[in-house]
Amino acid sequence: MDHFRKAYLSKCAALSIDPHHALSEYLIVHPSSPSIPHSERLDTLDLRGQSTTLRDCAALASALSDDTHFTSINLADSFLDDEGCILIAGALKTNATCETLDLRGNSIRADGAVAVGQMLKINDALKTLILEWNCVGIWQAGVRAIADGLAVNERLEDLDLRNNKIGPDGAQTLALSLRNNRSLRRLDLRWNSIGLLGSKSFVDLLLHNTTLEEVQLAGNEVPEDQLRSIAVSLSRNSDRRKSTATTLLQSTAHANHLASLDAAHRSLTDTLRRETVVKDQQLSAVEKEMDRSRSASQILQSRCEMLENEKRRREDEWEETKAALEARVAGLAKEVEREREVKERLRISREKAIGHAKKKELELDAARCEADLRIAGLQREKAVLVEENEKTREKLRTMASGHDDHLKRLHQEMDEKLKTAETARDTYWEKKVRRLEERVRKAEQMSARIEEDADAQKAKHMLEKRNWATQLSEAHALSQSTSDDRWRSMESNLQTLTRSRDTLQSDLVSASQLTQRTLRELDVERERWAVDRASLASELDKASSVTKTTADALKRDLDKARLDVREAETRAEEAKKRLGDVVEDRKREKGERERELERCREDVRERDDRIVRLKEKVEEKEREMREREEEGVALMRDLQQGIATLVSQRTRTHLRGRSSDKVLV
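Throughout what follows, the structure given in this document is the object of discussion. Keep in mind it's a predicted model, so treat the numbers as computed, not measured. (Residues numbered from 1 in each chain as written. Predicted model: local features only at pLDDT ≥ 70, side-chain atom pairs only at ≥ 80, totals over all residues. Heavy atoms only, no water.)

### Remarks on unusual backbone geometry
In this model, Asp77 sits at a positive phi of 55 degrees, which is unusual for a non-glycine residue. Residue position: Asp77 is located in the loop between strand S2 (72-74) and helix H5 (81-92). Accessibility expressed as a relative area gives 40% for Asp77, which makes it partly exposed. (Helix = DSSP H or I, 4+ residues; strand = E, 2+ residues; numbered from the N terminus. Buried < 20%, exposed > 50% of the residue type's maximum accessible area, 1.4 Å probe, protein only.)

Listed below in structure tokens is the structure:
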């Protein structure tokens, strides 16, 4: 403590600053205050909630670099920032006493995190590091530096990284660095954003790391199945550590027991050497020892029989487990076959819908072609009528000019034949008008028939449109219901597979626990047999040839029991391997089912796109039909107007001719 105080005060004097008020009070008042416990006065440096400047951090770092008193340093909410964190971390590189460092709530970012990572590479005393409520995960460089430090560090046991904005990439970096770490037991990543990818990296990590016992991931949007997998792996690591500790304690106890037995054996040997004079007592002792050895051999034989029975029972349990797993595999195969049948039915229904749509499209094309042919016929008739109209006009012009010339040349003859010509002309024009009126009536009848055909075609088209829309809606509803049913079946199958996987994992854990328990029991029995063999060997040195023969028989039985134990261990390892293979097969089947489900989703999306394209084509056909109907109506109107114009022109020409004849008369 005096060394720390002197180093701190000298650094403050060198920097021309006053000692921090909280630290000065700690150094001056606490050691002399009898109300504060000795452990708090010497072991903990508590500056939480105290505002510290960069110079204060420099002075404190200089004093902590070679300090040998403080085992815990609390700098929570001390406004260190990156610069202060760099100074403190640099000082702790050479500190061999501090075991707990609390830096929560100090706005530490990438530079400070890099300094902490470098400190972790060198420091071999720190056991607990708290970095809660900082910003280490905003830049990947900070997380990568801490991960590199953890990959090298062999002392840190507890790391708190809560609320540090660590994402999936940062979680994957941490998980990769912890694969070879054998010291970290607790890791707190609550209230970050590691998500599904980060949790998967921790699941993969726990396949290799056997020391992590606690990983807190609350508030990270981690799926429940990933949390269960991580919890199973952590419980496995915890059980393994407890088993290792128990084995270590048992080995220590066995060693102590062997030492005590050795001491007892030495004392017994001394006693026997001192009692060699009394041969009667020695003979009686030998007889007693022989009886004891016989009873021990009987006990060993009974234990061997018990082990044989236990081995048979374990083999029967393994056969039952194997049969149950085969039944589950058969059930999964049946489910896969049912899914294939559903997929085939869906494909057939989709092909039928596509064929029906193509058929309707061909029918619509045929109707469109027929309408085009009718419109072309109407256009040809219109052209013929227009041509006849022009010919009639030209003929009337020619006749008018001829009549004028004829009147000029034959004025005399016209006077004489006026009545005859007038009668002939009236007859001719009356016939001509009647023929034109007849043709007009025929044209009107034809126009009415064309309008009726167009109305019938339009009604037929509307009916086909409604039928097509109904069939499209039915096909869409059928496809939607089929996809929903398939989706529900896929989800149920996925849930079944998940339950099967959880069951297999629980079976695997129970089998591993049972195997470990069996191995522990076998180790205990082996140790007992070793102790019994040692005692029998010491007794057989003093016994007769009969005792030696009994010891040899016991040794052979022990070797046989060891062979049985090795066979049981080999079978247990084979059972573990088979269970691992079954779990891998389930994982592969789950991946294949997920890929099949994705393909089905893509097929449904393609079918929906095709339906949308067909609807667009139908709408385009409807627009074209409406445009053609409008063109046909416009053509009919033009034709009616042309006919009306022709009739009115001919009527006016006829009236002008009659008026001119009357004038001539």
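### With respect to the side chain of Asn192
Here Asn192 shows up in the loop between strand S6 (186-188) and helix H9 (195-205). Polar contacts involving the side chain of Asn192 include one to the main-chain amide nitrogen of Ile166, which spans 3.1 Å. The residues touching Asn192, leaving out its near neighbours within four places in the chain, are Leu161, Arg162, Asn163, Asn164, Lys165, Ile166, Gly219 and Asn220. (Polar contact = N/O pair within 3.5 Å; in protein donor to acceptor, adjacent residues only side chain to side chain. Contact = heavy atoms within 4.5 Å.)

### A few points about the nonpolar core
In terms of nonpolar packing, the biggest core is built from 64 residues, with Leu60, Leu120, Leu129, Leu187 and Leu212 touching the most fellow members. Counting residues per element, this core draws most heavily on helix H4 (residues 54-64), which supplies six residues. Aside from chain neighbours lying at most four places away, what touches Leu129 is Leu101, Val116, Leu120, Leu156, Asp158, Leu159 and Asp160. (Core = buried A, V, L, I, M, F, W, Y, C linked by side-chain atoms within 4.5 Å.)

### Examining the sheet that holds S6
Sheets are built from strands paired through backbone hydrogen bonds, the pairs being either parallel or antiparallel. Reading across the sheet, the seven strands line up as S1-S2-S3-S4-S5-S6-S7 and stay open at both edges, with parallel pairing between neighbours. Across the chains shown, the open sheet's two edge strands, defined by having one partner strand only, are strand S1 (44-46) and strand S7 (214-216). Taking the axes of each pair of neighbouring strands and ignoring which way they run, one obtains an average angle of 0 degrees across the sheet. (Pairing = 2+ DSSP bridges. Axes fitted to C-alpha atoms, helices over the stretch in contact; angles between N-to-C directions.)

### Details of a positive patch on the surface
On the surface, a cluster of positive charge is made up of Lys358, Arg610, Arg613 and Lys617. At three residues, helix H14 (residues 545-664) tops the list of elements feeding residues into the positive patch. With respect to the helices and strands, Arg613 occurs in helix H14. (Patch = residues over 30% accessible without salt bridge, like charges linked within 9 Å, V, L, I, M, F, W, Y side chains within 5 Å. Areas by Shrake-Rupley, 256 points an atom, 1.4 Å probe, with all protein chains shown as cover. Salt bridge = Lys/Arg side-chain N within 4 Å of Asp/Glu carboxyl O. Lys, Arg positive; Asp, Glu negative; His and termini not counted. Charge placed at Lys NZ, Arg CZ, Asp CG, Glu CD.)

### Concerning helix H7 (residues 140-152)
In this model H7 runs 19 Å from its N-terminal to its C-terminal C-alpha over 13 residues, within 8% of the 18 Å that 1.5 Å per residue would give. In this fold, the buried residues of H7 make contact with helix H6 (110-122), strand S5 (158-160) and helix H8 (168-177). (Expected span 1.5 Å × (residues − 1).)

### A look at the state of the cysteines
In total, this model carries zero disulfides according to the counting rule given. A disulfide-free cysteine, Cys57 has its sulfur positioned 9.4 Å from the sulfur of Cys85, the nearest such atom. (Disulfide = S-S within 2.5 Å.)

### With respect to a negative patch on the surface
A cluster of acidic residues, Glu616, Glu619, Glu620, Glu624, Glu627, Glu630 and Glu631, forms a negative patch on the protein surface. As for its placement among the helices and strands, Glu631 is situated in helix H14.

### Section: the packing of aromatic side chains
Tallying each qualifying case throughout the model produces two aromatic pairs. Note on Phe4 and Tyr8: the rings are 6.4 Å apart at their centroids and 10 degrees apart in plane angle, and the pair reads as stacked. Residue Phe4 and its partner Tyr8 are located together in helix H1 (residues 2-15), separated by four residues, close to a single helical turn. According to the relative accessible area criterion, Phe4 is buried, its value standing at 0%. Overall, the relative accessible area of 1% leaves Tyr8 in the buried class. Relative to Phe70, the ring of Phe4 has its centre 5.0 Å away and its plane inclined at 80 degrees; by these criteria the two rings are edge-to-face. Residue Phe4 is found in helix H1, and its partner Phe70 is found in the loop between H4 and S2; the two are separated by 66 residues along the sequence. There is no split in this pair, since Phe4 and Phe70 are both buried. Chaining the aromatic ring pairs together yields one cluster made of Phe4, Tyr8 and Phe70. (Phe/Tyr/Trp six-rings, centres within 6.5 Å; stacked < 30°, edge-to-face > 60°.)

### Digging into the packing of H7 against H8
Close contact between H7 and H8 brings their axes to 8 Å; oriented N to C, the two are set at 15 degrees. Relative to H8, H7 is oriented roughly parallel. The handedness of the crossing between H7 and H8 comes out as right-handed. In this structure, H7 uses Gln140, Val143, Arg144, Ala147, Leu150 and Ala151 to contact H8, whose residues at the interface are Asp169, Gly170, Thr173, Leu174 and Ser177. (Parallel < 35°, antiparallel > 145°, perpendicular 65-115°, else oblique. Left-handed = near helix turned anticlockwise from the far one by under 90°.)

### Thoughts on the pattern of salt bridges
Per the counting criterion, the structure on display carries 11 salt bridges. Where Arg48 meets Asp46, a salt bridge forms, and the shortest distance between an N and an O atom there is 3.1 Å. Here Arg48 falls in the exposed class, since its relative accessible area comes to 53%. With its nearest N and O atoms 2.6 Å apart, the salt bridge here joins Arg313 to Glu317. Of this pair, Arg313 and Glu317 both sit in helix H11 (residues 279-409), four residues apart, which is roughly one turn of that helix.

### Observations regarding the packing of H4 against H5
Contact pair H4 / H5: the axes reach a minimum separation of 8 Å and the direction vectors enclose 5 degrees. Regarding the angle of H4 to H5, the classification is roughly parallel. In contact with Leu54, Cys57, Ala58, Leu60, Ala61 and Leu64 of H4, H5 contributes Glu83, Gly84, Leu87, Ile88 and Ala91. Looking at side-chain class alone, the contact of H4 with H5 contains nine nonpolar, one polar and one charged residues. (Nonpolar A, V, L, I, M, F, W, Y, C, P; charged D, E, K, R; others polar.)

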